[in-house]
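Now for the letters of each chain:
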Amino acid sequence: MSARFARLFCVALVGACFSTAAPAATKSSTSTLVWRGDDATANAVMTEAGKAWAKAGHGQVELQPFNTASGIDAVSNGTADLAGSARPSDNSAQNSRLTFTPVAWSGLVIITQASNPIGNLTLKQVHDIYYGKIHNWSEVGGRNAPIDVYAVASPGDGVEYSLRSLLFGRGNQPVAAPRLYVNTRKLEEGIALNPNGFGVAMLTGISGNPKLKAIPINGHAPTQANIANGSYPLFIPLYLVTNPSSAKADQVQAFVAFLQSEPAKAALRRHGVLPYDDGAQLAAMDAERRRTILADVGARPASHGTPISAPGATYAARAAIAPTSQRTVQARAALEERREHTADDARLNRISGSVSDVTVTGVEHASGSATTVSQTNGKNFRGVSAGATQAHSTYKVVRGDTLSSIAKAHAVDVAQLRAWNRLKSDELQLGQVLRVSKQ
């Protein structure tokens, strides 16, 4: 081989190497981001923002809308790059490892079927309906018909959590809602079929749906203009949840920064959503707004949370009752009657195993696990003592549960649940029994 030919061969070889390496780098810089989260945030933010991101040449965003808890779980374990949430961090161990960035403002709306003639509700009335004090539409100026309250089962659902935080001062406040759904989309579908239905959704989620209507609150309609000026009281920030330890952390951060750009903001405005920076006045008035709402409804913020888990966390649908509902009042009376019989006390101390299959008859003094139970092995016994509760180390999965919600309800980490139960993924099966403590 001549020296000249050898030099030409080397140059050609080096050129070929560079020509194959360049496309790989381009592909890496524009790889697809996976977003998972609540359906409401998908509609409000991600549909338009994802299109703007792709149009700017940054790559695609794959949307997997379901609910808040599934999104946060996915970002925490690395199966998604971004999560959407209509609530801030709940200060749990899992949430503390993630970053919640507010990116937009939208409005929570109290919805019913379009045929329902109700024209307005006060914040106090909404509070009392959820709390179980008002049961009939005639009590709020409507027709003589029961109010069928719907809610999302997951205790960490962003829409439910944010509404309860505004109305009760605590996001995990239980409410009188026996009809539970896996996410807001299914809730909306249920209410669209029921002229007596009642629930909460996001304004952008029901826009253009002729089967549903948003009820004005305190005389203010939930419009984009009323949300922007703060006259409609149920406005909330929407968040993107990210994991600083993600393999795509740089690309994810670039997407979060992109939402502050004019193309992204314009896309949000076209979809009826207020970019977060446009709502500086809403952020400034938020604390006073919350104090005013709690004063209006006669509630106060909790200094250290609520002693009762949210519906769906431990008791499932059968315990989705408010502390003042008629069922609870009856349960308390029955409990007092049982407490007069002390013969069962010694037998109670010998109880072990799970309480996941018993019938819940009350929620007084509950703290993540049922403390008032009945009809176990055909016999009644008193409320479970603290010692007995600690012995209950298993939990049966019910509809709406996620690893995150189960971990929160039992004060453990998701990682611990995975290790104790030798789980290879976060997928759960109805009826699956999980170990939830070290014992």
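Our structure is the block above this text.
Residues numbered from 1 in each chain as written. Predicted model: local features only at pLDDT ≥ 70, side-chain atom pairs only at ≥ 80, totals over all residues. Heavy atoms only, no water.

Regarding the pattern of salt bridges
Thinking step 1. Inspection of the entire model under this criterion finds 12 salt bridges.
Thinking step 2. For Glu-189, the salt bridge goes to Lys-186, with nearest N and O atoms at 3.5 Å. In this pair, Glu-189 and Lys-186 are both assigned in helix α7 (residues 184–192), three residues apart and thus about one turn of the helix distant.
Thinking step 3. Overall, Glu-189 belongs to the partly exposed group, its relative accessible area being 40%.
Thinking step 4. A salt bridge links Glu-262 to Arg-269; its shortest N-O distance comes to 3.8 Å.
Thinking step 5. Judged by relative accessible area, which is 33%, Arg-269 ranks as partly exposed.
Thinking step 6. In the salt-bridge network here, residues are joined through shared partners; they are Glu-262, Arg-269 and Asp-278. (Salt bridge = Lys/Arg side-chain N within 4 Å of Asp/Glu carboxyl O. Helix = DSSP H or I, 4+ residues; strand = E, 2+ residues; numbered from the N terminus. Buried < 20%, exposed > 50% of the residue type's maximum accessible area, 1.4 Å probe, protein only.)

Some thoughts on the pairing of strand β2 (residues 61–66)
Thinking step 1. Here strand β1 (residues 33–38) pairs with β2 via six bridges, running parallel. Opposite Arg-36, over in β2, you have Gln-64 as the bridge partner.
Thinking step 2. Taken together, β1, helix α2 (residues 39–55) and β2 constitute a β-α-β crossover, and its handedness is right-handed. (Pairing = 2+ DSSP bridges. Right-handed = clockwise from strand over helix to strand, strands pointing away.)

A look at the environment of Ser-106
Thinking step 1. As for its placement among the helices and strands, Ser-106 is situated in strand β4 (residues 99–113).
Thinking step 2. Spatially, the C-alpha atoms of Ser-106 and Leu-234 are 8.7 Å apart, while their sequence positions differ by 128 residues.
Thinking step 3. Setting aside residues no more than four positions away along its own chain, Ser-106 makes contact with Met-202, Leu-203, Thr-204, Ile-227, Leu-234, Phe-235, Ile-236 and Leu-238. (Contact = heavy atoms within 4.5 Å.)

With respect to the packing of α2 against helix α10 (residues 249–258)
Thinking step 1. For the pair α2 and α10, the least separation of the axes is 11 Å and the interaxial angle reads 110 degrees. Between α2 and α10, the crossing angle belongs to the class labelled roughly perpendicular. Across the interface between the two elements, Met-46, Ala-49, Ala-52 and Trp-53 from α2 touch Gln-251, Ala-254, Phe-255 and Phe-258 from α10.
Thinking step 2. When grouped by side-chain class, the residues that make up the contact of α2 with α10 number seven nonpolar, one polar and no charged. (Axes fitted to C-alpha atoms, helices over the stretch in contact; angles between N-to-C directions. Parallel < 35°, antiparallel > 145°, perpendicular 65-115°, else oblique. Nonpolar A, V, L, I, M, F, W, Y, C, P; charged D, E, K, R; others polar.)

Structural notes on the nonpolar core
Across soluble globular proteins, nonpolar side chains show a tendency to be buried alongside one another.
Thinking step 1. Ranked by size, the top nonpolar core spans 77 residues in total, and within it Ile-110, Tyr-130, Phe-198 and Phe-255 carry the most contacts.
Thinking step 2. If one sorts the elements of this core by residue count, α2 sits on top with eight residues.
Thinking step 3. Other than its neighbours up to four places away in sequence, Phe-198 contacts Ile-110, Ile-111, Leu-121, Val-126, Ile-129, Tyr-130, Trp-137, Ile-147, Asp-148, Val-149, Tyr-150 and Ile-191.
Thinking step 4. With 13 residues, the next largest nonpolar core counts Ile-406, Val-414, Leu-423 and Leu-434 among its residues. (Core = buried A, V, L, I, M, F, W, Y, C linked by side-chain atoms within 4.5 Å.)

Overview of the side chain of Asn-136
Thinking step 1. In this fold, Asn-136 is placed in the loop between α5 (123–131) and β5 (148–152).
Thinking step 2. You can call Asn-136 buried: its relative accessible area is 16%.
Thinking step 3. A polar atom in the side chain of Asn-136 sits 2.8 Å from the side chain of Ser-138.
Thinking step 4. In this structure the side chain of Asn-136 is engaged in a polar contact, spanning 3.1 Å, whose partner is the side chain of Asn-144. (Polar contact = N/O pair within 3.5 Å; in protein donor to acceptor, adjacent residues only side chain to side chain.)

Focus: the layout of surface pockets
Thinking step 1. Quantified by volume, the largest pocket comes out at close to 590 Å³.
Thinking step 2. In terms of lining, the largest pocket is formed by 23 residues, of which the most central are Asp-401, Thr-402, Asp-426, Glu-427 and Leu-428.
Thinking step 3. Residues belonging to the lining of the largest pocket are distributed by class as follows: eight nonpolar, eight polar and seven charged. (1 Å grid on protein atoms, 1.4 Å probe; cavity = no way out; pocket = protein on both sides within 12 Å on 5 of 7 lines; lining within 4 Å. Points joined across faces, edges and corners; volume = space filled by probe spheres on them.)

Considerations on the packing of aromatic side chains
Thinking step 1. Enumeration over the complete set of coordinates arrives at nine aromatic pairs.
Thinking step 2. Arranged with centres 5.5 Å apart and planes meeting at 35 degrees, the rings of Tyr-131 and Phe-168 form a pair that is tilted. Of this pair, Tyr-131 sits in helix α5 while Phe-168 is found in helix α6 (residues 158–168), placing the two residues 37 residues apart along the sequence. No difference in accessibility class separates Tyr-131 from Phe-168, as the two residues are buried.
Thinking step 3. Members of the aromatic cluster, joined through ring pairs, are Trp-53, Phe-255 and Phe-258.
Thinking step 4. Arg-289 extends its terminal NZ or CZ atom over the ring of Phe-235, reaching a point 3.7 Å from the ring centre. (Phe/Tyr/Trp six-rings, centres within 6.5 Å; stacked < 30°, edge-to-face > 60°. Lys NZ or Arg CZ within 6 Å of the ring centre and 35° of its normal.)

Re unusual backbone geometry
Working note: non-glycine residues mostly have negative phi, and peptide bonds are mostly trans.
Thinking step 1. Within the chain, Asn-91 stands out as a residue other than glycine whose phi angle is a positive 70 degrees.
Thinking step 2. Of note, Asn-91 is situated in the loop between β3 (82–85) and α4 (93–96).

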